[in-house]
Amino acid sequence: MPLPVSMVAKASLSEQALVLLDAPKKDIKELSLAVESAAKLTNICPVLITVLMYTESTFKKDAISSKGYKGLMQTDWATMKWADVDTLYGVKMLTEKLEYSKGDLHLAIALYKGGNNNASKNFADATLKLYSSIKLKCKNGN
């Protein structure tokens, strides 16, 4: 059952996004702490991190893709145990892609999702559309 609206409004941006994206209730606190910590260290919006995590693994620490990418952020290396470590690693990879793309968020997400190709650009489109939608629904702005 979702949290009451009054509780969501008092929650951090990552907690709000996790609730809106239907993250497992038992994992919300741990995932929120991981996202907020990575956001502070990298200056990446916590809602974007949460949406990226959702699109990569639907919040499953033990997710493994058909190409062998693992964990919450679907990286080549993941502990699949520590949400904070795996989240920061994925977000650091995203910051590298942002530097490479000279701040082009769409291209950075496409690169994160597999490269500068049509399939990855479509994944980036979907991720950014979801990000815009979730960000609008979060109560704290940002």
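Everything below is about the structure printed above this text.
Enquirer: Would you mind showing me how to read helix 7 (residues 118-137) here?
Expert: Because each turn of an α-helix spans 3.6 residues, side chains separated by three or four positions in sequence point in the same direction. Between the first and last C-alpha of helix 7 there are 29 Å, a value that for 20 residues agrees with the 28 Å anticipated at 1.5 Å per step. Burial in helix 7 covers these residues: Ser120, Ala124, Thr127, Leu128, Tyr131 and Ile134. Along helix 7, the residues classed as buried sweep out an arc of 130° about the axis, all on the same side. Along helix 7, the residues that are exposed and aim more than 90 degrees away from the buried face are Asn118, Asn122, Lys129 and Leu136.

Enquirer: I tried to follow the nonpolar core on my own but got confused; where do I start?
Expert: Looking at soluble globular proteins, one finds that nonpolar side chains tend to be buried together. In this structure, Val47 and Leu94 are the most contacted members of the largest nonpolar core, which totals 37 residues. Here Leu94 is in contact with Ile44, Leu48, Leu52, Ala108, Ile109 and Tyr112, once residues within four sequence places are set aside.

Enquirer: Can you walk me through the pattern of salt bridges in this structure?
Expert: Side-chain pairs of opposite charge can arise where the charged atoms are in close proximity. In the structure shown here, the tally under the stated rule is four salt bridges. The residue Lys26 makes a salt bridge to Asp27 at a minimum N-O spacing of 3.2 Å. Its salt-bridge partner being Glu30, residue Lys61 comes within 2.9 Å of it at the nearest N-O pair. Of this pair, Lys61 sits in the loop between helix 4 (46-57) and helix 5 (83-100) while Glu30 sits in helix 3 (residues 28-42), and the two are 31 residues apart along the sequence.

Enquirer: Is there a simple way to think about unusual backbone geometry in this case?
Expert: Excluding glycine, a negative phi dihedral is what most residues carry, and trans is how most peptide bonds are arranged. The backbone of Gln74 shows a phi angle near 50°, a positive value even though the residue is not glycine. Along the chain, Gln74 falls in the loop between helix 4 and helix 5. Residue Gln74 is classed as buried on the basis of its relative accessible area of 10%. At Lys102, a position not held by glycine, the phi torsion is positive, near 55°.

Enquirer: Please explain the environment of Leu128 as it appears in this structure.
Expert: By the element assignment, Leu128 lies in helix 7. The buried category is assigned to Leu128, whose relative accessible area is 18%. Separated by 88 residues in the primary sequence, Leu128 and Lys40 have C-alpha atoms spaced 21 Å apart. Every residue in contact with Leu128, bar those within four places of it in the chain, is listed here: Leu105, His106 and Ile109.

Enquirer: Got a minute to help me understand the side chain of Ser32 in this structure?
Expert: Its place among the elements puts Ser32 in helix 3. One polar contact links Ser32 to Ser12, side chain to side chain, over a distance of 3.3 Å.

Thresholds, definitions, all that
- Residues numbered from 1 in each chain as written.
- Predicted model: local features only at pLDDT ≥ 70, side-chain atom pairs only at ≥ 80, totals over all residues.
- Heavy atoms only, no water.
- Helix = DSSP H or I, 4+ residues; strand = E, 2+ residues; numbered from the N terminus.
- Expected span 1.5 Å × (residues − 1).
- Buried < 20%, exposed > 50% of the residue type's maximum accessible area, 1.4 Å probe, protein only.
- Arc of directions from axis to C-beta.
- Core = buried A, V, L, I, M, F, W, Y, C linked by side-chain atoms within 4.5 Å.
- Contact = heavy atoms within 4.5 Å.
- Salt bridge = Lys/Arg side-chain N within 4 Å of Asp/Glu carboxyl O.
- Polar contact = N/O pair within 3.5 Å; in protein donor to acceptor, adjacent residues only side chain to side chain.

Remember that the coordinates give geometry; whether it matters functionally is a separate question.
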